[in-house]
Amino acid sequence: MLLQLKDAADIESANRAANRLLSAHSEWFLAQDGGAPLALDQSEFDFSVAHRHLIFSSWTETGSRSWRISGWSWNGERLILEASRRMGAEVSTLELIPRASAKAIVAGIAAARQTRCEKLAQVFSETLPPAKIERAVLSPGMRRDQPGRYARIILRLPHERIAITATVAGGDTRNLDSLFSSALLWFNRLQGSPKRPPVNRLLIAVEHNILEAARQRHVLLRDLLRQRIELIEIDETWQRVEAARAFERKNLWRKRLAHFPPLIEGQTSERIDEILSQAPEAIDVVASRHGQTLRYHGLPFARVRRVMDRDRVWFGIEGARRRSLDEYHERDWTKLLGDLEVYRNEGCRDRHHWFYRAAGEAWLESILRRDITRLDPGLIIAPLHAQFRTSHGGPTGARPIDLLALRYDGRLVVIELKVSEDREHVFQGVDYWRRVEADRRRGHISSARLFGEREISDESPLVYLVAPTLRFHPSFRTLARTIAPDIEIYRFDINEDWRSGVRVVRRERVNE
């Protein structure tokens, strides 16, 4: 039974208990909502009390995350946390399991995935006789002792060997960039192997629900590489495979597009101006369909909504309960702004404070929104569209583009930002290019007047992939060279201390 955190005494007690458990075990596994566990060591997560809430902060496969904890229990084998984030919009059950207790769980997951991998290998060997299974193993996990997500199968035929891969951990379109990145790096290593006969073909098996999205990525590869890679559709029971219909680049532009969202005009008010005046160099405003979000160096801390012809303000950091900005909560508001000023600035001494660590890409975005010419003097300063969606989100979620900009010569620019190593950097940027190019060809961007009266050039967008110079993934260059050269991709290396001001250290074209 979960113990609910109802008051300050409960919170302090839970914080002490949690930290005692952390000191007793140096290695843990973290599972969210029953998903695959992620291996963590003691230094990669922590509990703290902030604004009268227990906050759990951790590194995940998608970066740093923080949750507000409302209930907890420890049964001697696992710590169960009732958690929420994004102002309560996302509710999860987190499980922290000491490594010793987690071995059986991890072994079970690995065994289930390996069984699925071997089943897929058997299906392909029966479909491509007289093929023999040379190898059927899992890819390495993201962390040590974590089971891999992808099957890596090699079939031997009389005069060739064929590589086959697929997601064996359950997948959707949001994981396709990871699948393609993993598959292409593996295929690249196999082609460099001296073993004979060589591996010159790669089959990527996908289920029907992600086949269309897989085609959209496959068609953007270099021609020579695309000829060696084939998409295979596998049925829901994993008992039958079939070659997917060929897909050409022109099919991308024929595809029916979702409704193009209307441009949301930024609105201001006396209440917003009053808040901005308290830290004009740090606070920015992001417009949404339901009002405005105020961010402190990219970190959302308040929302403004128009209610009954007056502005209402709610404040609170991610994972904390929102409070109304009124006379009863004035002290909490003042403390929040004070903490943000101390801990979310480039001169912060406590670099481990989660105000400093959280939402790094949003912090970088907020700097560039103020002056995008720091990145490229050829870009117009305004309008500049941050977190831009070419369509409304859905269950498969059309992820927002970090920045959509326009050059003085009329070329659109898709900008994807990273502040830590991310293997999917290249494919995310290219997928955004595809979506923007489809809307440009139909005239949607011009008709929506995203850039006012400025003329949009009849050329495809440029792709700017930006990260601190030591934070590009080691495989970045290899993956960039897999993309068709008519998609112009540029790498922008910026200074490591970008929080104190962005400077471009190096710029180069990466896929000529």
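Bear in mind the structure is a predicted one, so any value in this text is a computation, not a measurement.

**Q** I tried to follow empty space enclosed by the protein on my own but got confused; where do I start?
**A** Empty space among the atoms becomes visible once a probe the size of a water molecule is rolled across them. Taken as a whole and assessed by the stated rule, the structure comprises 2 cavities of 30 Å³ or more. In this structure, the largest cavity spans a volume of roughly 90 Å³. For the lining of the largest cavity, the secondary structure elements donating two or more residues are β11 (161-167) and β12 (199-207). For the lining of the largest cavity, the element with the highest residue contribution is β12, accounting for 3 residues. Looking at the lining of the largest cavity, its residues break down into 5 nonpolar, 3 polar and 2 charged.

**Q** Looking at this structure, how should I read helix α4 (residues 208-218)?
**A** In an α-helix, one turn spans 3.6 residues, which is why side chains three or four residues apart end up on the same side. Taking burial as the measure, the 11 residues of α4 include 8 buried ones, the bulk of the element. For α4, the full list of buried residues reads Ile 210, Leu 211, Ala 213, Ala 214, Arg 215, Gln 216, Arg 217 and His 218.

**Q** Help me out: how do you make sense of the side chain of Asp 339 in this one?
**A** One can find Asp 339 in helix α8 (residues 330-343). Those residues within four positions of Asp 339 in sequence are excluded, and the remaining contacts are His 51, Arg 344 and Phe 355.

**Q** Would you take a moment to explain unusual backbone geometry for this structure?
**A** Omega for the peptide link from Pro 129 to Pro 130 comes to 5 degrees, which places this bond in the cis form. Here Pro 130 shows up in the loop between α2 (99-127) and β9 (132-138). Put simply, Ala 382 and Pro 383 share a cis peptide bond, and its omega is 0 degrees. Checked against the element boundaries, Pro 383 lands in the loop between α10 (360-370) and β20 (385-388). For His 297, which is not glycine, the phi dihedral falls at a positive 50 degrees. With respect to the helices and strands, the residue His 297 is situated in the loop between β16 (291-296) and β17 (299-307).

**Q** Can you help me understand the nonpolar core in this one?
**A** Taken as a class, soluble globular proteins show a tendency for nonpolar side chains to be buried jointly. Counting 46 residues, the largest nonpolar core has Leu 202, Ile 204, Ile 229, Val 426, Ile 483, Ile 487 and Ile 489 as its most contacted members. Top contributing element to this core by residue count: helix α3 (residues 176-191), with 9 residues. Val 426 has contacts with Leu 465, Phe 476, Leu 479, Ala 480 and Ile 483, leaving out every residue within four places of it along the chain.

**Q** Is there a simple way to think about the sheet that holds strand β19 (residues 323-324) in this case?
**A** Remark on secondary structure: sheet strands pair via backbone hydrogen bonds, oriented parallel or antiparallel. Across the sheet, which stays open at both edges, the 5 strands sit in the order β15-β16-β17-β18-β19 with antiparallel pairing between neighbours. For this open sheet the edge positions go to β15 (283-288) and β19, each flanked by a neighbour on one side alone. For strand β18 (residues 310-315) and β19, the ladder comprises 2 bridges, and the chain directions are antiparallel. Bridge pairing in β19 links Trp 314 to Ser 324. Set on the sheet, α10 makes contact with β15 and β16; between it and β15 the angle comes to about 95 degrees.

**Q** How do you make sense of the pattern of salt bridges when you look at a structure like this?
**A** Pairing is possible between side chains that carry opposite charge, provided their charged atoms lie close to one another. Per the stated rule, a full pass over the model turns up 41 salt bridges. Notably, a salt bridge pairs Arg 226 with Asp 223, separated by 2.6 Å at the nearest N-O pair. With Arg 226 and Asp 223 both in helix α5 (residues 223-228) and 3 residues apart, the pair spans about one turn of that helix. Taking relative accessible area as the criterion, Arg 226 reaches 24% and is therefore assigned partly exposed. One salt-bridge network, in which partners are shared between bridges, spans Asp 177, Arg 217, Asp 431, Arg 434 and Arg 435.

Analysis parameters
Residues numbered from 1 in each chain as written. Predicted model: local features only at pLDDT ≥ 70, side-chain atom pairs only at ≥ 80, totals over all residues. Heavy atoms only, no water. 1 Å grid on protein atoms, 1.4 Å probe; cavity = no way out; pocket = protein on both sides within 12 Å on 5 of 7 lines; lining within 4 Å. Points joined across faces, edges and corners; volume = space filled by probe spheres on them. Helix = DSSP H or I, 4+ residues; strand = E, 2+ residues; numbered from the N terminus. Nonpolar A, V, L, I, M, F, W, Y, C, P; charged D, E, K, R; others polar. Buried < 20%, exposed > 50% of the residue type's maximum accessible area, 1.4 Å probe, protein only. Contact = heavy atoms within 4.5 Å. Core = buried A, V, L, I, M, F, W, Y, C linked by side-chain atoms within 4.5 Å. Pairing = 2+ DSSP bridges. Axes fitted to C-alpha atoms, helices over the stretch in contact; angles between N-to-C directions. Salt bridge = Lys/Arg side-chain N within 4 Å of Asp/Glu carboxyl O.

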